[in-house]
Amino acid sequence: MSMTLTEQIITIGMVILGTMITRFLPFLIFPAGKPTPGFVRYLGKVLPAAVFGFLVVYSLKNVNLFSESHGIPELTGVLTVAGLHLWKRQMLLSIAGGTICYMLLVQFVF
């Protein structure tokens, strides 16, 4: 099933509109001269930790400690992320390092 030219143009226009709205709306809602509302500052403080906690729970929800690997690759990956983050304090390095560690263990060890 393919889209007509009109449908393609409408789809591209809607994607552009959605992107533009998400890019410009924060600057319209929170102009540079006004102080940031307290609830936005609060969300900026608590959401990163909440998102990471949610990702950890989601990533480990199907780990079976009674399977052949006993959750060792997952635990090693989590510890690698935590260790790298405590050492370097760089989120991208921590996530990439933990992912690489986990993938190497799954592919070549377990």
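Model, not experiment: these values are computed from the prediction. (Residues numbered from 1 in each chain as written. Predicted model: local features only at pLDDT ≥ 70, side-chain atom pairs only at ≥ 80, totals over all residues. Heavy atoms only, no water.)

1. A word on the overall build of the protein
If you tally the helices and strands in the protein, you get 4 helices and 0 strands. Written out in order from the N terminus, the α and β elements of the protein read α-α-α-α. On C-alpha atoms alone, the protein measures out to a radius of gyration of 21 Å, which is more than a quarter above the 13 Å that the 2.2 N^0.38 rule sets for 110 residues. Taken along the three principal axes of its C-alpha coordinates, the protein extends 50 × 50 × 25 Å. Considering only contacts in the protein between residues 6 or more positions apart, those separated by 24 or more positions represent 33%. Surface exposure of the protein reaches about 9,300 Å², of which carbon and sulfur atoms provide 74%. (Helix = DSSP H or I, 4+ residues; strand = E, 2+ residues; numbered from the N terminus. Rg over C-alpha atoms; globule rule 2.2 N^0.38 Å. Contact = heavy atoms within 4.5 Å. Areas by Shrake-Rupley, 256 points an atom, 1.4 Å probe, with all protein chains shown as cover.)

2. Some details on helix α4 (residues 91-109)
Taking 1.5 Å as the rise per residue, α4 with 19 residues should run 27 Å; its terminal C-alpha atoms sit 26 Å apart, in good agreement. Turning to α4, its buried residues are S94, G98, C101 and L105. Looking straight down α4, one finds its buried side chains confined to an arc of 65°; they lie on one side. Exposed side of α4, more than 90 degrees from the buried face: L92, I100, Q107 and F108 are the residues found there. The inward-facing, buried residues of α4 contact α3 (72-88). (Expected span 1.5 Å × (residues − 1). Buried < 20%, exposed > 50% of the residue type's maximum accessible area, 1.4 Å probe, protein only. Arc of directions from axis to C-beta.)

3. Examining unusual backbone geometry
A positive phi angle is found at H70, which is not glycine, with a value near 55°. Here H70 lies in the loop between α2 (38-60) and α3. Of the residues examined, H70 reaches a relative accessible area of 46% and is grouped as partly exposed.

4. With respect to the environment of G71
Tracing the sequence through the fold places G71 in the loop between α2 and α3. Those residues in contact with G71 that sit more than four places away from it in its chain are V63, N64 and L65.

5. Here's the deal with the packing of aromatic side chains
Applying the stated criterion to the full structure yields 0 aromatic pairs. Above the plane of the ring of W87 lies K88, whose end atom (NZ or CZ) is 4.6 Å from the centre. (Phe/Tyr/Trp six-rings, centres within 6.5 Å; stacked < 30°, edge-to-face > 60°. Lys NZ or Arg CZ within 6 Å of the ring centre and 35° of its normal.)

6. Remarks on the side chain of S94
By secondary structure assignment, the location of S94 is in helix α4. One polar contact links the side chain of S94 to the main-chain carbonyl oxygen of Q90, over a distance of 2.9 Å. (Polar contact = N/O pair within 3.5 Å; in protein donor to acceptor, adjacent residues only side chain to side chain.)

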